[in-house]
Amino acid sequence: MNTVKKEKYVVDLQKLQSICSRNYALLLRLLPLDYSNQQTWQIELGQGLYFILSVLDVTPYTEQFKLVQKSNLPTLVGQLEIEFRLYHDAQMVEVTKYQQQDRIRANNPYPNSKLHHKDEKTQINALLKDWLNLAIDHQFNKSKEAVLRNSASN
């Protein structure tokens, strides 16, 4: 009998840290310069889709945020809910909670009963990166349209 030994998954720390560092830079572009604990912003993406970004906790070196996807559309299946921590000293943002799951492992056994990916933590942080890019792109396009409208009315 010939058996194939599976190699254990090893977390790509460089990739994970790169995503977390990118998320830090993106989040700073999205946030105003001055904000406080419990402050909330609604980010409209159009066609009934928006996100609520809330500051949960502010300490000297870290801050905790919550991002919730909302929709006015009855066809939207499920809601996105992510909590993440911003580390100023390391200049990184790390997802700490995803869809009520508060222990996100960087390395999951596979297969597993909860159907988590081997690299669940990396994928969830990449999802946050995609969302931050979407929000920033939408804000940029929205402000560009406003500038175009203002220049057309002059």
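Since the model is a prediction, treat every value here as computed from it, not as a measurement.

Quick notes on the side chain of Asn-125
Here Asn-125 is to be found in helix α2 (residues 120-153). Those residues in contact with Asn-125 that lie beyond four places of it in its chain are Leu-16, Ile-19, Cys-20, Asn-23, Val-93, Glu-94 and Val-95.

Considerations on the nonpolar core
Counting residues in hydrophobic clusters, the biggest one holds 27 residues, and the most contacted among them are Leu-27, Leu-30, Leu-53, Phe-65, Phe-84 and Trp-131. Among the secondary structure elements, those contributing two or more residues to this core are α1 (13-30), β1 (40-46), β2 (49-58), β3 (62-71), β4 (81-87), β5 (92-98) and α2. Here this core takes six residues from α2, the largest share from any one element. Among residues more than four places away in sequence, those in contact with Phe-65 are Leu-27, Leu-31, Tyr-35, Trp-41, Leu-53, Ser-54, Val-55, Leu-56, Ile-82, Glu-83, Phe-84 and Leu-86.

Things to note about the packing of aromatic side chains
Per the counting criterion, the structure on display carries four aromatic pairs. Each ring, one from Phe-51 and one from Trp-131, has its centre 4.9 Å from the other, and the planes form 70°; the classification is edge-to-face. Here Trp-131 lies in helix α2 and Phe-51 lies in strand β2, a separation of 80 residues in the sequence. Classification of Trp-131 by relative accessible area gives buried; the value is 5%. A centroid spacing of 5.5 Å and a plane angle of 10° characterise the contact between Phe-65 and Phe-84, whose relative ring orientation is stacked. Of this pair, Phe-65 sits in strand β3 while Phe-84 sits in strand β4; the two residues are 19 residues apart in sequence, bridging distant segments of the chain. Considered together, Phe-65 and Phe-84 belong to a single accessibility category, that of buried residues. Connected via pairs of aromatic rings, a cluster forms that spans Tyr-35, Trp-41, Phe-65 and Phe-84.

Focus on the sheet that holds β5
Strands pair in a sheet through their backbones, by hydrogen bonds, and they do so in one of two ways: parallel or antiparallel. An order of β1-β2-β3-β4-β5 is seen for the five strands of this open sheet, with the pairing classed as antiparallel. With partners counted over all chains shown, the strands left at the sheet margins are β1 and β5, one partner each. Strand-to-strand twist in this sheet, taken as the mean axis angle between neighbours without regard to direction, amounts to 25°. The pairing of β1 with β2 spans six bridges and is classified as antiparallel. Directly across from Gln-42, in β2, lies its bridge partner Ile-52. This element, α1, spans β1, β2, β3, β4 and β5 of the sheet and lies at about 95° to β5.

Side note on the environment of Asp-119
Within the secondary structure, Asp-119 sits in the loop between β5 and α2. The class for Asp-119 is buried, based on a relative accessible area of 18%. Measuring from C-alpha to C-alpha, the distance between Asp-119 and Asp-12 comes to 8.7 Å, with 107 residues separating the pair along the chain.

Procedures and definitions
- Residues numbered from 1 in each chain as written.
- Predicted model: local features only at pLDDT ≥ 70, side-chain atom pairs only at ≥ 80, totals over all residues.
- Heavy atoms only, no water.
- Helix = DSSP H or I, 4+ residues; strand = E, 2+ residues; numbered from the N terminus.
- Contact = heavy atoms within 4.5 Å.
- Core = buried A, V, L, I, M, F, W, Y, C linked by side-chain atoms within 4.5 Å.
- Buried < 20%, exposed > 50% of the residue type's maximum accessible area, 1.4 Å probe, protein only.
- Phe/Tyr/Trp six-rings, centres within 6.5 Å; stacked < 30°, edge-to-face > 60°.
- Pairing = 2+ DSSP bridges.
- Axes fitted to C-alpha atoms, helices over the stretch in contact; angles between N-to-C directions.

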